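# Fold and geometry: a report
Okay, here's what each chain looks like letter by letter:
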Amino acid sequence: LKRWKSTAGADYLNLLRLMAADRKVPLNRLTTRWWWQVPFAWDGLPLLIMQGRAVDFSAPPHQNMHHVGPMVPELTPASPEDRAVLAIAEQAKSDGKRVVYITFGSLISGDAQIVERLWQAVDSCPDVVAIHTMGGHLDGVAEKVPENVHLVGWAPQDQLLYHCDAAIIHVGVNTMIECIAAHTPMLCIPRGVDCEGNTARVVYHQLGIAATQNASAEEIHQKLRKLLDDPSYAPRCEAIFEQLDTYRDAKTAETVVRNLISVPK
């Protein structure tokens with residue numbers, strides 16, 4: 001509700017309400033309550049959630065919603081370009097450094113001011129080597145980069161996270177799940193869409209720490225240090241992923257789909 005107020009209604013649910021009203025669609029009679037990952041659910045229409053209950057809050061889902069587990073891709077052989085990025089992390093670990101991955105997703109490069117504060121925070125950690133993927137937005141920033149921050153256009157994220165001690169992310173759901181799979185604690189700096197909801201769940205399950213877009217370099221430094229120095233976050237990520245992995249082992253998605261499409265004779 002706070003998010004709705006702060007964004008003046010610029011969210012999925014209010015947008016759908018506006019569109020429905022414009023087209024004279026009686027949305028209130030056709031839909032039921034809304035839940036995470038979906039803005040609403042159609043009355044009577046089954047909905048498969050590509051996620052697991054383990055990363056949600058404890059409230060039971062609507063009867064039409066079926067959690068079938070996340071889609072975590074299998075690791076593939078690294079390309080020469082990917083190997084070069086992985087080599088940075090491997091060398092840092094060999095040198096006894098802590099590796100931090102920074103990304104704001106493939107579509108968001110990150111506000112210049114928050115990026116500069118992130119770099120200041122990392123620069124004040126002499127035992128840290130950071131790899132920051134900029135999604136191709138590398139122009140005009142090279143002269144400001146600290147020595148312990150490596151800028152790359154793209155990174156093999158799913159593989160790189162297994163070398164990382166922490167990740168600083170905007171908390172898109174795919175990156176969140178890949179961090180959990182790699183047992184990598186998260187410093188969450190959410191930015192729109194589903195990121196605030198994902199961040200709330202990361203904090204709720206103690207898989208990471210939240211910061212805001214306005215966080216100071218000192219605040220980011222303190223929270224990053226807590227992630228790096230507190231050994232309890234990674235085991236919680238591992239425990240959550242063990243629960244998520246049961247969906248694949250049980251072939252939950254296949255079972256749910258077969259049950260939903262089966263027609264009684």
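Everything numeric in this text was worked out from a predicted model, so none of it was measured.

Here is what the cut-offs are and how they apply
Residues numbered from 1 in each chain as written. Predicted model: local features only at pLDDT ≥ 70, side-chain atom pairs only at ≥ 80, totals over all residues. Heavy atoms only, no water. Helix = DSSP H or I, 4+ residues; strand = E, 2+ residues; numbered from the N terminus. Buried < 20%, exposed > 50% of the residue type's maximum accessible area, 1.4 Å probe, protein only. Polar contact = N/O pair within 3.5 Å; in protein donor to acceptor, adjacent residues only side chain to side chain. Salt bridge = Lys/Arg side-chain N within 4 Å of Asp/Glu carboxyl O.

## What about unusual backbone geometry?
The phi dihedral of Lys24 falls on the positive side, at around 60 degrees, and the residue is not glycine. By the secondary structure assignment, Lys24 is in the loop between α2 (12-22) and α3 (27-30). At Gln206, a residue that is not glycine, the phi angle is positive and equals roughly 60 degrees. Within the secondary structure, Gln206 is located in the loop between α8 (195-204) and β8 (208-210). Classification of Gln206 as partly exposed rests on a relative accessible area of 45%.

## Considering the side chain of Asp56
Summarising the element assignment, Asp56 is placed in the loop between β1 (47-49) and β2 (65-67). Polar contacts involving the side chain of Asp56 include one to the side chain of Arg201, which spans 2.8 Å.

## Some words on the pattern of salt bridges
Scanning the entire structure with this criterion turns up 12 salt bridges. Its salt-bridge partner being Asp22, residue Arg23 comes within 3.6 Å of it at the nearest N-O pair. The same class applies to Arg23 as to Asp22, namely exposed. Note that Glu219 and Lys223 form a salt bridge whose closest N and O atoms lie 3.2 Å from each other. With Glu219 and Lys223 both in helix α9 (residues 217-229) and 4 residues apart, the pair spans about one turn of that helix. For Glu219, a relative accessible area of 29% gives the class partly exposed. Salt bridges here are not isolated pairs; linked through shared partners, they connect Lys93, Arg98, Asp127, Asp165, Arg225 and Asp229.

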